[in-house]
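Read off the chains here:
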Amino acid sequence: MTRTLCAILLLHAAIERGIAEEANWPQFRGPQSSGVADHEGLPVTWSDTKNVAWRTDVSGLGWSSPIVWGNQVFLTAVIDTGISPEPRKGLYLGGEQKQPSDAEHIWNVYSYDLETGELLWEQTVHRGKPSFTRHIKNSYASATPATDGERVYAYFGNVGLFCLSVSGEPLWQVELGPYKTRLGWGTGASPVVHEGRVYLCNDNEEESYLLALDARTGDEIWRVPRDEQSTWSTPLVWNNELRTEIVAPGTNRFRSYDLEGELLWEIGGGSGTTICTPSTAHGLVYVGSGYLMDRNRPVYAIRPGASGDISLDEEQDANEHVAWAQAQAAPYNTSPLVFGDYVYVCKDQGIMACYDAHTGEVMYEKKRMPDRQFTASPWGYGEHVFCLSESGRTFVLKAGPEFEIVATNELGEDVMSLASPAMVGDRLLIRTANSLFCIQEGAQLAQVEAGGE
């Protein structure tokens, strides 16, 4: 093959990847887990009827995010045939359950039509009594599925990973667990698909590991043990200028591995609970963990090419491999948003902060938003940053170094939302406890479609 032909093929592949990333939302927080979209027609304001193209009911409970490929929206949920404990909004103690439910549960994957909200198919992948507990604010379907356009990979924590065709046909499944989680809170990390492999990080109280599976067959390619206990962070496949690596945060250490599972670098100093998902921009990868009861709640910006232990000394906020660090910046449940030249942090209690993405310089901190409960991660497009509260209210902030709320969008009374949204084309998809909304500029809600039984 000539160098010219090779260059043409590589250019064509890059263009195709760019088109696919713009047209699809294949995993948690979208392409590269960024939470960022660039379609100019995406809506800025909405209500439960204004700019709503459709709303469909979702049977069962789940806090997984919707994903999109082509004209299909994929979602997971678990139906409790008994009586489920009611979650409450906000941070609180006492949500642990001592025993799993004695009622039959039904683990489902759904596919909806992106244009109409019509239920295209539903597939039950497992049914039975749960063998493990969950926090009442968690769900048995909190992991967001992933897709490569050929198959859908639905991970249900301590039950297993289930692979379906995009038409809903079961292809393979792998049992994973059950393992004990901290205080029986359950699981939350999502799978990631990259070049024919599915990567899973399963940090628990018994046997933590990072796992690579063949996406076509489900066969295990490698499994690397991790010196970790329970975490809920989804790993990131980071394509940087030097290599491709898998960044997997933990409570003891943030670590990165090559595509064969070999440890590349690690950094200590995180908080006691890690949920944030990494993101990448400006040639850096941003990692963090911020359990609100801890003294250390760092965000690190790390350069490509790191190796070994790159931990900072006590008095350092940067070194050869760490571009910058903010020791108290990280949120607890939400993930930081890198949008344009800034890193935005929306903490669970409704405290907003903004940092320079290149230097870590504080633009603003401790800015209070009207609501006090946030679990969904913020997202960005156009000239705005969006923060969805657990009450279904989205606060629209002007992007940039100054804090300014320019709009508040509500989805009605008695709404609860913990799931991060999806964006594809000019459509925004928001999941609540009972519904899936498709928000589109200029649309008017004509009907409500029932989804699944």
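Residues numbered from 1 in each chain as written. Predicted model: local features only at pLDDT ≥ 70, side-chain atom pairs only at ≥ 80, totals over all residues. Heavy atoms only, no water.

## Side note on the sheet that holds strand 10 (residues 192–194)
Pairing is antiparallel in the open sheet, where four strands are placed in the order 10-11-12-13. Whereas interior strands pair on both sides, the edge strands pair on one side only; in this sheet they are strand 10 and strand 13 (220–225). For this sheet, the mean angle separating the axes of adjacent strands, direction not counted, is 20 degrees. (Pairing = 2+ DSSP bridges. Helix = DSSP H or I, 4+ residues; strand = E, 2+ residues; numbered from the N terminus. Axes fitted to C-alpha atoms, helices over the stretch in contact; angles between N-to-C directions.)

## As for the layout of surface pockets
Within this model, the largest pocket holds a volume of roughly 890 Å³. In this structure, the largest pocket is lined by 33 residues; those nearest its centre are Asn138, Ile275, Tyr332, Asn333 and Thr375. Of the residues assigned to the lining of the largest pocket, the class counts are 15 nonpolar, 16 polar and two charged. (1 Å grid on protein atoms, 1.4 Å probe; cavity = no way out; pocket = protein on both sides within 12 Å on 5 of 7 lines; lining within 4 Å. Points joined across faces, edges and corners; volume = space filled by probe spheres on them. Nonpolar A, V, L, I, M, F, W, Y, C, P; charged D, E, K, R; others polar.)

## Some thoughts on the sheet that holds strand 7 (residues 151–156)
Spatially, 6-7-8-9 is the arrangement adopted by the four strands of the open sheet, whose pairing is antiparallel. Since the sheet does not close on itself, it has two edges, and those belong to strand 6 (146–147) and strand 9 (170–175), each with one partner. Of the pairings in the sheet, the one linking strand 8 (residues 160–165) to strand 9 comprises five bridges and is antiparallel in character. Note on strand 9: the bridge partner recorded for Leu164 is Pro170.

## A few points about the state of the cysteines
In this structure the tally under the stated criterion is zero disulfides. Its sulfur unpaired, Cys387 is 4.0 Å from the next cysteine sulfur, which belongs to Cys346. (Disulfide = S-S within 2.5 Å.)

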